[in-house]
Amino acid sequence: MITALKTIVLADTRWAGHHQTYLLELTAALLRCGVRIILMCAHPDLICERLLAAEIEVTEDRLRGVVFESSNRSVVSKGRDHDPFTTVQRWNRTGKLIREFEVSSGWRADMVFLPYLDSYMRFLPVGLAPDILLGIPWSGLYFRNHHLANNPSPLTLAAKGDYLLRSATCLAVCVLDERFND
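First things first, this report covers the structure right here in the doc. Just so we're clear, the structure is a prediction, and the values are computed from it rather than from any experiment. (Residues numbered from 1 in each chain as written. Predicted model: local features only at pLDDT ≥ 70, side-chain atom pairs only at ≥ 80, totals over all residues. Heavy atoms only, no water.)

## Brief notes about the overall build of the protein chain
- A count of helical and extended segments in the protein chain gives five helices and six strands.
- Order of helices (α) and strands (β) in the protein chain, N terminus to C terminus: β-α-β-α-β-α-β-α-β-α-β.
- Counting all 182 residues of the protein chain, 46% fall into the buried class.
- Within the structure as shown, the protein chain displays about 9,800 Å² of accessible surface, and the carbon and sulfur contribution to it stands at 56%. (Helix = DSSP H or I, 4+ residues; strand = E, 2+ residues; numbered from the N terminus. Buried < 20%, exposed > 50% of the residue type's maximum accessible area, 1.4 Å probe, protein only. Areas by Shrake-Rupley, 256 points an atom, 1.4 Å probe, with all protein chains shown as cover.)

## Some thoughts on the sheet that holds strand E2 (residues 36-41)
- Overall, parallel pairing links the six strands, which are arranged E3-E2-E1-E4-E5-E6 in an open sheet. The open sheet is flanked by strand E3 (63-67) and strand E6 (170-175), the only strands paired with a single partner. Put simply, the sheet's adjacent strands are angled 20° from each other on average, direction ignored.
- Sheet topology note: the E2/E3 ladder contains five bridges and is parallel. Bridging from a neighbouring strand, Ile 37 pairs with Leu 63 of E3. (Pairing = 2+ DSSP bridges. Axes fitted to C-alpha atoms, helices over the stretch in contact; angles between N-to-C directions.)

## Side note on the packing of aromatic side chains
- Evaluation of the coordinates by the stated rule reveals three aromatic pairs.
- Taken together, a centroid distance of 5.8 Å and an interplanar angle of 85° make the contact between Phe 101 and Trp 107 edge-to-face.
- Classification of Phe 101 as buried rests on a relative accessible area of 11%.
- For Trp 107, a relative accessible area of 6% translates into the label buried. (Phe/Tyr/Trp six-rings, centres within 6.5 Å; stacked < 30°, edge-to-face > 60°.)

## So, the side chain of His 19
- Here His 19 shows up in helix H1 (residues 18-32).
- Accessibility expressed as a relative area gives 7% for His 19, which makes it buried.
- A distance of 2.9 Å separates a polar atom in the side chain of His 19 from a polar atom in the side chain of Asp 12.
- Each residue touching His 19, except ones within four places of it in the same chain, is listed here: Asp 12, Arg 14 and Tyr 116. (Polar contact = N/O pair within 3.5 Å; in protein donor to acceptor, adjacent residues only side chain to side chain. Contact = heavy atoms within 4.5 Å.)

## Focus on the nonpolar core
- Among the nonpolar cores identified, the biggest contains 26 residues, and Met 40 and Trp 91 are the most heavily contacted of them.
- Breaking this core down by element, the ones donating at least two residues are strand E1 (7-11), E2, helix H3 (84-105), strand E4 (111-114), helix H4 (129-133) and strand E5 (138-142).
- Counting residues per element, this core draws most heavily on H3, which supplies four residues.
- If sequence neighbours within four positions are ignored, Met 40 has contacts with Val 9, Leu 10, Ala 11, Asp 12, Val 66, Phe 68, Thr 94, Leu 97 and Ile 98. (Core = buried A, V, L, I, M, F, W, Y, C linked by side-chain atoms within 4.5 Å.)

## Topic: a nonpolar patch on the surface
- On the surface, Val 126, Leu 128 and Ile 132 cluster together into a nonpolar patch covering about 300 Å² of accessible area.
- By the element assignment, Leu 128 lies in the loop between E4 and H4.
- Classification of Leu 128 as exposed rests on a relative accessible area of 51%. (Patch = residues over 30% accessible without salt bridge, like charges linked within 9 Å, V, L, I, M, F, W, Y side chains within 5 Å. Salt bridge = Lys/Arg side-chain N within 4 Å of Asp/Glu carboxyl O.)

## Considering the packing of H1 against helix H2 (residues 44-53)
- The contact between H1 and H2 brings their axes to 10 Å, and the two run at 60°. The angle between the axes of H1 and H2 places the two elements in the oblique class. Like other packed secondary-structure pairs, H1 and H2 cross with a definite hand, here right-handed. Here Gln 20, Leu 23, Leu 24, Thr 27, Ala 28 and Leu 31 of H1 lie close against H2, whose contacting residues are Ile 47, Arg 50 and Leu 51. (Parallel < 35°, antiparallel > 145°, perpendicular 65-115°, else oblique. Left-handed = near helix turned anticlockwise from the far one by under 90°.)

## Considerations on the state of the cysteines
- Scanning the model with the defined rule gives zero disulfides in all.
- Considering cysteine sulfurs only, Cys 48 is the nearest to Cys 41, which forms no disulfide, with 8.3 Å between them.
- Lacking any disulfide linkage, Cys 174 is separated from the closest cysteine sulfur, that of Cys 170, by 9.8 Å. (Disulfide = S-S within 2.5 Å.)

## With respect to the environment of Asp 61
- Tracing the backbone shows Asp 61 in the loop between H2 and E3.
- Residues Asp 61 and Arg 36, 25 residues apart in the sequence, show an inter-C-alpha distance of 7.5 Å.
- Beyond its immediate sequence surroundings of up to four residues, Asp 61 is in contact with Arg 36 and Trp 107.
- Looking at Asp 61, its side chain comes within polar contact range of the side chain of Thr 59, at 2.4 Å.

Honestly, it's all geometry; don't read function into it.
In structure tokens form, the structure reads like this:
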């Protein structure tokens, strides 16, 4: 019996420091697992170059890049990078680009992994947003979750966007926070 190759979208709107590292490492790990990848970031070509430099095979039938740039600046408050409008725009733009890619390539995305989930959560208290705007299963890596250690109020959870984790299309959430290892 032949099973279809799983296709995972890696989508990150940021391009600095650890964002590049996580995209590189996640892409390499998924390629090693035999997954097909749609890499959505500011410079997918640079990730491909780094994979090749690390002697990781990159072929067009397993990895395709989509240039993905989205505003990370608040339209409401200068100096901030999140607000309800830009967060909704990120979900919407991600879903739109995936659908456009699926039509143009013939590939079908099975799920989305967001290596910096925080950009998709802040100030978005509506758990249905990913279901409506993205429409496929998703997961991500959640960095700024320190508020969870303090028995947060419903208002804090709404402001941080934690109600999105109740989305019907949310598969799982990875947490990278060494403060709570004990």
